[in-house]
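A closer look at the structure
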Amino acid sequence: MILNQTSIQKIKERAKEFPQKKSAILPALTIAYQQEGYVDEAIYRELAKIIDVPYVEIAEAATFYTMFPKKPRGKYLIQVCHNISCALLGADSLVEYLENKLKIKKGETTEDNLFTLITVECLGSCSTAPMMQINQDYYENLTPEKVNKIIEELKAKA
Amino acid sequence: MFYSPVRTNAAQVAKDENLHLFRYVEDPDQCKVDTFVAHGGYEAWKKVLNGMSADEVIDVVKKSGLRGRGGAGFPTGMKWSFVPKDSTKPRYLCCNADESEPGTCKDRVLLERDPHSVIEGMAIAAYAIKCHLMFIYIRGEFAYAIERMKQARDEALAKGHLGKNIYSSGYDLDMVIYSGGGAYICGEETALLNSLEGHRGQPRIRPPFPAIEGLYASPTIVNNVESLASVPYIIKRGAQWYSSLGTEKSSGTKIFSLSGHVKQPGNYEVALGFNLKKLIYDPQYGGGILGDKKLKGVIPGGASTPFLTPEMIDIKLDYESLQEVGSMLGSGAVIVFHEETCIVWTILKLTHFFHHESCGKCTPCREGTAWLEQIIRRIENGQGRDGDIEKIEDICNNILGRTICPLGDAAVMPIQSSIKHWRDEWQYHIEHKKCMVETHFEFK
């Protein structure tokens, strides 16, 4: 088993909230992602057993959404919004800044496996642009000084 | 997890007795149930449970003129009245908190800073349709809002605002918090319901409408966060008061998310019919264009609404005025861009979004948005060809009106309006293989 008892228990508790068990699929995928940082076919199989739905139902849902990647990423996933409101305030140059700072290209992970840098669609932070999300946290109204500090602090913490 | 630092006009709202949604959003304790109650929270819910019938609630909301704040502008009370009275199936209410239309960041503020106001609105709506289990579908990326909402729900349950036999009225109501998986399309109500049932978030063919057959094939109402948060005030102060705010066909107040090239981006609550030019230039709101540059254009209601040119912005922000000039109020996301913005670059940003978010169910949208992005990217990269504009127009015409949900139309409308307003710039880009205005925005 990949999923630990805590995750399994969480999934079972969540499933009780819904009138139909299939509704537990997305919450279960979220819990699995929170534990492992990815959700692949082996995990789909475990989830299918826990929720008691066919494997294909899990796979079908999981592959539609952006928040359940099949492969693990760096310890810190940096997601930069590159949509219009952020782009008007320099989101593209923010991506370049991060590429230079981390010495990787968009879509790549640093050698020490600490940072993965990707661009994403609108994160609902348009009046505080430009912005990025690192794991669960939003960082808004970004400036080069702020970004530099955020990255340095995460490096120091790791 | 962090709280949104977005600028709001809460101080101004506090001085105007007719504005209400943002009254307490700068109070850090507003998210706690006791503070919310001290500020008059849950009074409307008590009033409803202590003596209003479901039909009376629907009637008040109908008469208030409240229209859906998520984008479509459909009358909220009328939507509720579509739930069949004789249905023996359970009924469900879903609050749509899947805020992801580029430019829109208003619901997040309500969810994070005044979560009980959303719960109270949901509870009243649930009662109006005789629902005993309500859901809130929050986009998965809003981790902080999800946490806040969970705390608020648990507090509301502990204090008896939700749960069994609420205020000894005999009414039971429970609430489920559901987080999405990252998909813009789930803001479309039937896609949201599919997602909530554990499927891919793809829209359903209507009819049947959700009010007849929605979640788990039962009567279901889906309402936006801001629409629901408006309901308690309508119940407390009456339909007449609410309909006296705003304009004749667009009553009440609305939150506008102002973003892009303005000095003071933020979320501003104003009465509908507020002047767009004032919103952009007034020192109390947008404060003018960044760097005092010249305005080039405005997207008035989120990424899917047609552009306005500078000569069009002396206009009332309401459903009918924007429709008259060929645009839409949408979600109230006003995106401003100045003279140094290339229109092809802007459209490429928008089209990339819709291509990425197309769910793939309908061929015209799935294939069409991909072709559009490809052609527009080619033009932006200086490889445009003769006839590209006509090709883009042809693809647009073959998407428009030919898809199950409005995402296809949403992708097309800004493109069409940009060609209408700035055809010479598109032409220039193709002929000269470069932008008419050099576009490079540094973050600083």
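Calculation criteria
- Residues numbered from 1 in each chain as written.
- Chains lettered and ligands numbered in written order.
- Predicted model: local features only at pLDDT ≥ 70, side-chain atom pairs only at ≥ 80, totals over all residues.
- Heavy atoms only, no water.
- Domains from an automatic or database assignment.
- Salt bridge = Lys/Arg side-chain N within 4 Å of Asp/Glu carboxyl O.
- Buried < 20%, exposed > 50% of the residue type's maximum accessible area, 1.4 Å probe, protein only.
- pLDDT = per-residue confidence, 0-100.
- Pairing = 2+ DSSP bridges.
- Helix = DSSP H or I, 4+ residues; strand = E, 2+ residues; numbered from the N terminus.
- Axes fitted to C-alpha atoms, helices over the stretch in contact; angles between N-to-C directions.
- Contact = heavy atoms within 4.5 Å.
- Phe/Tyr/Trp six-rings, centres within 6.5 Å; stacked < 30°, edge-to-face > 60°.
- 1 Å grid on protein atoms, 1.4 Å probe; cavity = no way out; pocket = protein on both sides within 12 Å on 5 of 7 lines; lining within 4 Å.
- Points joined across faces, edges and corners; volume = space filled by probe spheres on them.
- Nonpolar A, V, L, I, M, F, W, Y, C, P; charged D, E, K, R; others polar.
- Polar contact = N/O pair within 3.5 Å; in protein donor to acceptor, adjacent residues only side chain to side chain.
- Core = buried A, V, L, I, M, F, W, Y, C linked by side-chain atoms within 4.5 Å.
- Patch = residues over 30% accessible without salt bridge, like charges linked within 9 Å, V, L, I, M, F, W, Y side chains within 5 Å.
- Areas by Shrake-Rupley, 256 points an atom, 1.4 Å probe, with all protein chains shown as cover.
- Parallel < 35°, antiparallel > 145°, perpendicular 65-115°, else oblique.
- Left-handed = near helix turned anticlockwise from the far one by under 90°.

Right, let's talk about the domain arrangement of chain A for a bit. Domains assigned within chain A are domain 1 (5-64) and domain 2 (76-157). Distance between the C-alpha centres of domain 1 of chain A and domain 2 of chain A: 29 Å.

Moving on to the pattern of salt bridges. Residue and element names in this part refer to chain B. For the structure on display, the rule yields 35 salt bridges over all chains. Measuring nitrogen to oxygen at the nearest pair gives 2.8 Å for the salt bridge that ties Asp107 to Lys106. Summarising the burial analysis for this pair, Asp107 and Lys106 share the class buried. Look at the salt bridges and you will find they share partners, linking Lys79, Glu188, Glu189 and Arg206 into a network.

Turning our attention to the confidence of the model for chain B. Chain-level pLDDT for chain B is 97 on average; 100% of the residues reach the 70-or-more range. The complex model carries a pTM of 0.97, and its ipTM stands at 0.97.

In this section: the sheet that holds strand S2 (residues 115-120) of chain A. Residues and elements named next belong to chain A. The strand order across the open sheet built from four strands is S2-S1-S3-S4, with neighbouring strands paired in mixed fashion. Each edge of the open sheet is held by one strand with a lone partner, namely S2 and strand S4 (137-139). Looking at each pair of strands side by side, their axes are set apart by 25° on average, direction ignored. Two elements, strand S1 (residues 76-81) and strand S3 (residues 132-134), share three bridges in a ladder whose sense is antiparallel. Bridge pairing in S3 places Gln79 opposite Gln133. Contacting S1, S2 and S3, helix H6 (residues 91-102) crosses the sheet at an angle of about 155° to S1. Packed on one face of the sheet, helix H7 (residues 144-157) meets S1, S2, S3 and S4 and runs near 5° to S3.

Below, the discussion takes up the packing of aromatic side chains. Residues and elements named next belong to chain B. Enumeration over the complete set of coordinates arrives at 27 aromatic pairs over all chains. A ring pair is formed by Tyr92 and Tyr216, whose centres lie 5.6 Å apart and whose planes are at 80°; its orientation type is edge-to-face. Of the two residues, Tyr92 sits in strand S1 (residues 92-97) while Tyr216 sits in the loop between helix H9 (189-196) and strand S5 (220-224), which places them 124 residues apart along the sequence. Taking the centre distance of 6.2 Å and the plane angle of 55° together, the rings of Phe337 and Trp422 count as tilted.

Turning our eyes to something else, we now look at the pairing of strand S3 (residues 163-166) of chain B. Consecutive side chains along a regular strand alternate between the two faces of the sheet. Residue and element names in this part refer to chain B. Sheet topology places S3 next to strand S4 (residues 171-179); two bridges connect them, and they run antiparallel. Of the residues in S4, the one forming a bridge with Ile166 is Tyr171. Joining the antiparallel neighbours S3 and S4 is a turn of four residues, in which Tyr167 adopts a positive phi near 50°.

To continue, consider the layout of surface pockets. Residue and element names in this part refer to chain B. Estimates place the volume of the second largest pocket at around 1,300 Å³. Taken together, 50 residues form the lining of the second largest pocket, with Gly70, Gly71, Ala72, Gly187 and Pro406 sitting closest to its centre. Here the lining of the second largest pocket takes five residues from S5, the largest share from any one element. Considering only residue class, the lining of the second largest pocket consists of 18 nonpolar, 20 polar and twelve charged.

Each partner contributes to the interface: chain B provides 68 residues, whereas chain A provides 52 residues. On the surface where chain B and chain A come into contact, there are two salt bridges. Run the count over chain B and chain A and you get 23 residue pairs in polar contact (both at pLDDT 80 or more). Those elements giving two or more residues to the side of chain B that touches chain A turn out to be strand S2 (133-138), helix H8 (143-158), S4, H9, strand S6 (253-260), strand S7 (266-271), strand S11 (333-338) and helix H14 (343-357) of chain B. Among the elements that line the side of chain B that touches chain A, the one with the most residues is H14 of chain B, at eight residues. Residue composition of the side of chain B that touches chain A, grouped by class: 33 nonpolar, 24 polar and eleven charged.

Residue and element names in this part refer to chain B. Overall, mixed pairing links the four strands, which are arranged S7-S6-S11-S9 in an open sheet. If you trace the sheet from one side to the other, it starts and ends with S7 and strand S9 (295-299), each paired once. On average, adjacent strands in this sheet sit at an angle of 25° to one another, irrespective of strand direction.

It is worth spelling out the nonpolar core at this point. One finds Leu47 of chain A together with Phe135, Ile392 and Trp426 of chain B to be the most contacted residues of the largest nonpolar core, which totals 85 residues. Tallying contributions element by element places helix H17 (residues 407-432) of chain B first for this core, with nine residues. When residues of this core are assigned to domains, at least three fall in each of domain 1 (5-64) and domain 2 (76-157) of chain A. In this structure, Tyr42, Ile58, Tyr171 and Val231 of chain B belong to the second largest nonpolar core, which totals 78 residues.

With the exception of glycine, the majority of residues adopt a negative phi angle, and the majority of peptide bonds are in the trans configuration. Omega for the bond connecting Ala129 of chain A with Pro130 of chain A falls within 30 degrees of zero, at -10°, which places this linkage in the cis form. With respect to the helices and strands, Pro130 of chain A occurs in the loop between S2 and S3. Here the bond from Pro207 of chain B into Pro208 of chain B is cis, since omega is 0°, no more than 30 degrees from zero. Here Pro208 of chain B is to be found in the loop between H9 and S5. Unusually for a residue other than glycine, Lys130 of chain B sits at a positive phi of about 60°. Positive phi, normally seen in glycine, also occurs at Tyr167 of chain B, with a value near 50°. Assignment of secondary structure puts Tyr167 of chain B in the loop between S3 and S4.

For the rest of this paragraph, the subject is a nonpolar patch on the surface. A surface patch of nonpolar side chains, amounting to about 260 Å² of accessible area, comprises Phe74, Met78 and Phe82 of chain B. Structurally, Met78 of chain B is set in helix H5 (residues 76-81).

What follows covers the packing of H14 of chain B against helix H15 (residues 363-380) of chain B. Residue and element names in this part refer to chain B. Here H14 crosses H15 at 155°, and the two axes come no closer than 9 Å. In terms of their interaxial angle, H14 and H15 are classed as roughly antiparallel. When you trace H14 past H15, the crossing you get is left-handed. Together, Val344, Trp345, Ile347, Leu348, Thr351, His352, Phe354 and His355 of H14 and Thr369, Ala370, Leu372, Glu373, Ile376, Arg377, Ile379 and Glu380 of H15 make up the contact between the two elements. Its residues assigned to classes, the contact of H14 with H15 comprises nine nonpolar, four polar and three charged.

Once that is clear, we can look at the pairing of S4 of chain B. All names here are of chain B. With seven of nine residues buried, S4 lies mostly within the body of the structure. Two elements, S2 and S4, share six bridges in a ladder whose sense is parallel. Counted as the bridge partner of Phe135 is Val176 from S4.

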